[in-house]
Each structure stands twice: as C-alpha cells, then as structure tokens.
Amino acid sequence: MELANQTVDKALRETREGFLIFKTRTLVYREAQLRSMLKGLSEMRKQLCEGVRNDLGRQEYATWFLEICLVEGEIEHTLRHLKAWIQPIQIDTPLLVSPAQSKILYEPLGVVAVLGSWNFPIFTLLTPLVNVIAAGNCAIIRPSELAPHTSSAVAKFIERYLDRDCYRCVEGQVEIARAITEAKFDGICFTGSTEKGKLVAQAAAKNLVPCVLELGGKSPSVIDITADIDHAAKKIVNGRFMNAGQACVAPDYVLVHHSLTTELIAKVKKYLTEFWNNGKTVEDFGKIISEQHEQRLLSLVKTQSQGEIISCGHSSSKPVPTIVLNPSLDSPLMKEEIFGPILPILTFNTFDDAIRIINKLDKPLVVYYFGDHFGENFKRLENETSSGALISNETMFHLGNSDMPFGGVGMSGYGRYHGFEGFKQFSNCKGVLHKPPLNMFPYTAGYPPYSKGKQAIMAMLQKMRGLTKYNPVRIALEAPYKYGLLAKL
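Residues numbered from 1 in each chain as written. Predicted model: local features only at pLDDT ≥ 70, side-chain atom pairs only at ≥ 80, totals over all residues. Heavy atoms only, no water.

*Asks:* Before we go on, may I ask you to explain the sheet that holds strand S16 (residues 427–434) in this structure?
*Replies:* Sheet strands line up and pair through hydrogen bonds in the backbone, either parallel or antiparallel. Spatial ordering of the open sheet is given by S1-S2-S16, a layout of three strands whose pairing is antiparallel. The sheet terminates laterally at strand S1 (89–91) and S16, the two strands that pair on one side only. Across the sheet, the axes of successive neighbouring strands diverge by a mean angle of 30°, strand direction being ignored. Where strand S2 (residues 101–108) meets S16, eight bridges bridge the pair, whose relative direction is antiparallel. (Pairing = 2+ DSSP bridges. Helix = DSSP H or I, 4+ residues; strand = E, 2+ residues; numbered from the N terminus. Axes fitted to C-alpha atoms, helices over the stretch in contact; angles between N-to-C directions.)

Take a look at the structure:
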C-alpha cells in the first residue's frame, strides 16, 4: 500500500505543478488536447479494440460501435461548443446590491481522478476525461485492473497523445484505486458498483473531495399494454444481453402487462437465438469477466431467484442467457444489480402495480418504457418515479446524445457528465461581483448607526429588490456609476 501511495502522490504532485502554471486554462490548449485524443482514437483503434477483445471477448467492430465512436462523438460535440461554454455568464444584480455587475465564471477544479470500469473500459474512462479536459483540469486516469490488456492500451494512448505534464495514467491493483480515493484530489469521477461507490465517497469525504459516481443499479423496462411487443423484445434483448449483460445501463428487469407475458418470452427467445445464438457467439455476445463473477451469477439463478427459471442455453457450469419469471422482490436477484445475461420478468395487472414495484426498489439509473409515449402512463412514469433518465421505446442508446446529461440518483449514483453538464460538473461555478467604491448617499445607507432615514431607504430598497434593470428608479440609483461619475467596469 505504501508503494501505491507513493506512485499516486508523485503523479498528483507533478500534474498539480502543470495545473498551477495555468497551462490548461486557455481554449487553444484544451482544444489541442481534445484533437489529439481524436487522432489517437483513430491511430490506436486496433490496439484498443484488441485489448478489449482479450479482456472481454468482443470483436473490433462491437468495441468501436459501443465505445470508441461514442467517445469520438463526445469530443466532436465538445469542440463545437467549448468556446461558448467557457464564456462568463452575465447575470442580473439585485437593486439592494447595485450599482454593480455580476457574472458566473466556470473555472477548473484542479487535478481530477478518473476511475473507469472494466465492462466498457474505454468509454467509462475517456468520456468523462473529455469533460475534465474541456473544463481546464489536469487528470490522473486509472483503468480497471480486471481489464489488464485494455488498461495497457489506454496507458499507451494517454502517454502518446496527451500532455504528460497534465495527464497521467496510473495502472495497478486495488491498492492504487484506494490510494487515489484517499489522496487530496480536486475531484473524482468513479464508474463501478454501488458498494464500491460507497467506499469511494467515504474515502473522498475525509478530504472533502467532490465526486461523480456512476453506479448503475436496477433499471426497469416497462412494457405497457399499448406496446409493440416485437419491437420491445428486440430492444430489451439487445440492451440486456449486449456485452454478456455487463452494462450499467442495461435493462435489469422487465415489468410486463400480464396479457403480454407469453408473447414476450417467445420473442425474447427468438432474438436471443437470432442475435447471439443463445450466447454462443462470443465475438458479438462477449464473455463474463472472471470466474468469480460467473459463480455469483450462477448463484443468483440457481438458489436465490425464487422464480420460474427458463434457460435459453445449454451449460450447467457457465452463465448462459436465462429468463427468470416472477422472482421474489426480496430475493438477491431483485436487490442486486445483475451485471450478467439474466433477465427477470415480472408481470403486473395495473399500471399502479408497475409504479409500486419501481418505487419499492432503489432509484434506477434509467427507466425504459415501451408503449404509447404520448399516453397517460408515460406521463405517470415522468411524474411518479425518480431515475437518472427516462427513455421510451429504446434502450441504452441515449448515451449517444452528448446534450443529455448522464448519471444516476440515489443508489444509482450522483453527478452528471456529457456535454455542457459534464463541463459544469468538473468546473467551479464561481460568482464574480464588480462593484465601484461609491461612498455617498444613498449608497451608504447600509452602514450604522441606523437612523430613521437610513432605515426608510433600506426598507424601500428591499421592497424594490425585484425591479428590472430597465426600471426608472433603478436607472436613477445607478446613474452615478454608469454615466460619468465613475468609470464603467
């Protein structure tokens, strides 16, 4: 642990030196780093994809489509908008504080740690890193030790294409992650399980380090009576079983109107066969990351689901695509994030039942709805449930919208990245007030002793604090500042 602390402290000290000489503050510098990332993603595509293939079994196209092109899209979106994002935002000043000018200035936090996950080891590292760079920060990047081949490729990517004075990749086992969370960073972005997220937040709290925690959770898919069942099954199978079910935004369970249950199960089986040959096509389906995870998934199905098990594969020793019909809500299968090729299906009679189940469980990262999105039931989901996102008639691909902030609520995490929200998340929103030294009446009415006249003036200003800058009274009070007695700011 001592060696890990030394490694992290050295990287943090050296990148902070880069930050303190204001190297990352200029628009030109930030844009140059982002363009270099784009170049690196193109030139190292095969190496990055090969790392993922060795770790997760995915073919090159799947990794490009599911990870690299999303990162490229985030970079391109940021480059189009960054000049506007970094501009100070002028805001109004209350009459009581006038005459003055007020603005919001987004300044970088400092050195931010980005801890990625193994399931999408490129996306979960580089997407938040884009926001970190856009906001003018330095960064320490730590890939997951469970995806060692990708970790090595990402380390080479960071070293070759980003400024070493400001950006470092620190590889290593869990001791490195622990050392990072215990160090005095200026921000942490962590992607992983809820239980590990709690440990990150607990360690960071000792130094009051702000965190962005993307933790996944139990994301439901609600299939309403108005749904196109074939479309819903296709989207859910794609979202649930992609990457062998190892995705934080995967549909974790299905709530289906009881009248559609038989048809849904038949359609799920159909598309499992059509898409992945029931999990046998590893290049498309992916593989479970470790034997430990395999055993956990087998335990969830065999001994802890308390529901009807419908296996869609042929192995007794390896996790295969499996449907579990009506498991107990109190079973571990319905309390833990599954993170594997298992699809619980629960039936409901009324939409009240569906909402009650969603609200009984922890707040999800996403709620997926299939049915009439102009109908009353979708509006009820908007108003009566809480989640990081609410998506109709689609799964997962909202991640491709850089204008949509991404993150959770409650046990599914907190904080947001992507686009302008990500830029703001890794910035300090600093209020700036410019006020001239006007030491004349009525601007001195706030000083003691509080005579009757001063009290009357202050009472009047309080009543008029909501006046706009175009109000005649306000114009008169600000005239000495604006029209010649003092230079305009």
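Now that the structure has been shown, we can carry on.
*Asks:* Can you help me understand the packing of helix H3 (residues 45–56) against helix H4 (residues 60–85) in this one?
*Replies:* Helices that pack against each other are described as a pair by the angle of their axes relative to one another and the distance between those axes. Two elements in contact, H3 and H4, have axes separated by 9 Å at closest approach and are oriented at 105°. Between H3 and H4, the angle falls in the class roughly perpendicular. Contacts between H3 and H4 involve Arg45, Lys46, Leu48, Cys49, Val52 and Arg53 on the former and, on the latter, Glu60, Thr63, Trp64, Glu67 and Ile68. When grouped by side-chain class, the residues that make up the contact of H3 with H4 number five nonpolar, one polar and five charged. (Parallel < 35°, antiparallel > 145°, perpendicular 65-115°, else oblique. Contact = heavy atoms within 4.5 Å. Nonpolar A, V, L, I, M, F, W, Y, C, P; charged D, E, K, R; others polar.)

*Asks:* What is the right way to read the UniProt feature "active site" (unreviewed entry) in the chain from this model?
*Replies:* Mapped onto this structure's residue numbering, the UniProt feature "active site" (unreviewed entry) falls at Glu214 and Cys248. Spatially, the listed residues are clustered: although they cover 35 residues, their C-alpha atoms lie within 8.4 Å of one another. Looking only at the residues we just named, the largest cavity is lined by Glu214 and Cys248. Relative to the helices and strands, glutamate 214 resides in strand S7 (residues 211–214). The residues touching glutamate 214, leaving out its near neighbours within four places in the chain, are Phe190, Thr191, Gly192, Cys248, Leu365, Phe406, Ser412 and Tyr417. Tracing the chain through its elements places cysteine 248 in the loop between helix H9 (229–241) and strand S9 (253–257). Setting aside residues no more than four positions away along its own chain, cysteine 248 makes contact with Asn119, Glu214, Gly216, Gly217, Ser219, Glu337, Phe339, Leu365 and Phe406. (UniProt positions renumbered as here; feature names shortened; annotations may be inferred. 1 Å grid on protein atoms, 1.4 Å probe; cavity = no way out; pocket = protein on both sides within 12 Å on 5 of 7 lines; lining within 4 Å.)

*Asks:* Before we go on, may I ask you to explain unusual backbone geometry in this structure?
*Replies:* For residues besides glycine, phi is generally negative; the peptide bonds are generally trans as well. Look at the link from proline 448 to proline 449: it is a cis peptide, with omega at 0°. Residue position: proline 449 is located in the loop between S16 and helix H17 (452–463). Of note in this structure, leucine 208 is not a glycine but carries a positive phi near 55°. Along the chain, the position of leucine 208 falls in the loop between helix H8 (194–205) and S7. For leucine 208, a relative accessible area of 75% translates into the label exposed. (Buried < 20%, exposed > 50% of the residue type's maximum accessible area, 1.4 Å probe, protein only.)

*Asks:* It is not clear to me how the sheet that holds S9 should be interpreted in this structure. Could you clarify?
*Replies:* If you walk across this open sheet you meet the seven strands as S10-S11-S12-S9-S8-S13-S14, and the pairing is mixed. If you trace the sheet from one side to the other, it starts and ends with strand S10 (308–311) and strand S14 (389–392), each paired once. Across the sheet, the axes of successive neighbouring strands diverge by a mean angle of 20°, strand direction being ignored. Note that S10 and strand S11 (residues 322–325) share four bridges and pair antiparallel. Residue pairing across strands places glutamate 308 opposite leucine 325, the latter belonging to S11. Most of the contacts of helix H10 (residues 261–276) go to S11, to which it runs at about 170°, and overall it touches strand S8 (220–223), S9, S10, S11 and strand S12 (342–348). Relative to the sheet, helix H14 (residues 351–360) contacts S8, S9, S12 and strand S13 (366–370), its axis offset from that of S9 by approximately 165°.

*Asks:* Explanation requested: the packing of H4 against helix H5 (residues 123–134) in the structure shown.
*Replies:* Interaxial distance between H4 and H5 falls to 9 Å at its minimum, and their mutual angle equals 10°. Between H4 and H5, the angle falls in the class roughly parallel. Where H4 approaches H5, its residues Glu67, Leu70, Val71, Glu74, Ile75, Thr78 and Leu82 are matched on the opposing element by Phe123, Leu126, Thr127, Val130, Asn131 and Ala134. Across the contact of H4 with H5, the residue classes break down as eight nonpolar, three polar and two charged.

*Asks:* I would appreciate a short explanation of the nonpolar core in the present structure.
*Replies:* Residues Met37, Leu126, Phe185 and Ile223 are the most contacted members of the largest nonpolar core, which totals 124 residues. Considering every element that reaches this core, the biggest residue donor is H5, with eight residues. Filtering out sequence-adjacent residues up to four positions away, phenylalanine 185 remains in contact with Val8, Leu12, Arg16, Val111, Val112, Ala113, Ile140, Ile180 and Val209. Core analysis: the second largest hydrophobic core is formed by 17 residues, Met334, Ile357, Val367 and Tyr369 among them. (Core = buried A, V, L, I, M, F, W, Y, C linked by side-chain atoms within 4.5 Å.)

*Asks:* Looking at this structure, I do not really get the side chain of aspartate 224. What am I missing?
*Replies:* On the secondary structure map, aspartate 224 appears in the loop between S8 and H9. Of note is the side chain of aspartate 224, whose polar atom sits 2.7 Å from the side chain of tyrosine 369. Once you skip the residues sitting within four places of it in the chain, aspartate 224 turns out to touch Leu260, Phe351, Tyr369, Phe370, Gly371 and Asn377. (Polar contact = N/O pair within 3.5 Å; in protein donor to acceptor, adjacent residues only side chain to side chain.)

*Asks:* Help me understand a nonpolar patch on the surface, please; the structure alone is not making it clear to me.
*Replies:* Judged by side-chain polarity, Tyr61, Phe65 and Phe397 come together as a nonpolar surface patch covering roughly 290 Å² of accessible area. Here tyrosine 61 shows up in helix H4. Classification of tyrosine 61 by relative accessible area gives partly exposed; the value is 47%. (Patch = residues over 30% accessible without salt bridge, like charges linked within 9 Å, V, L, I, M, F, W, Y side chains within 5 Å. Areas by Shrake-Rupley, 256 points an atom, 1.4 Å probe, with all protein chains shown as cover. Salt bridge = Lys/Arg side-chain N within 4 Å of Asp/Glu carboxyl O.)

*Asks:* Is there a simple way to think about H17 in this case?
*Replies:* Structural remark: α-helix, 3.6 residues per turn; residues separated by three or four positions point the same way. Taking 1.5 Å of rise per residue, 12 residues should cover 16 Å, and H17 covers 17 Å from first to last C-alpha, within 8% of that figure. Residues of H17 that are buried: Lys454, Ile457 and Leu461. Buried residues along H17 cover an arc of 65° about the axis, so they all sit on one side. Relative to its buried face, H17 has exposed residues pointing more than 90 degrees away, namely Lys452 and Lys463. (Expected span 1.5 Å × (residues − 1). Arc of directions from axis to C-beta.)

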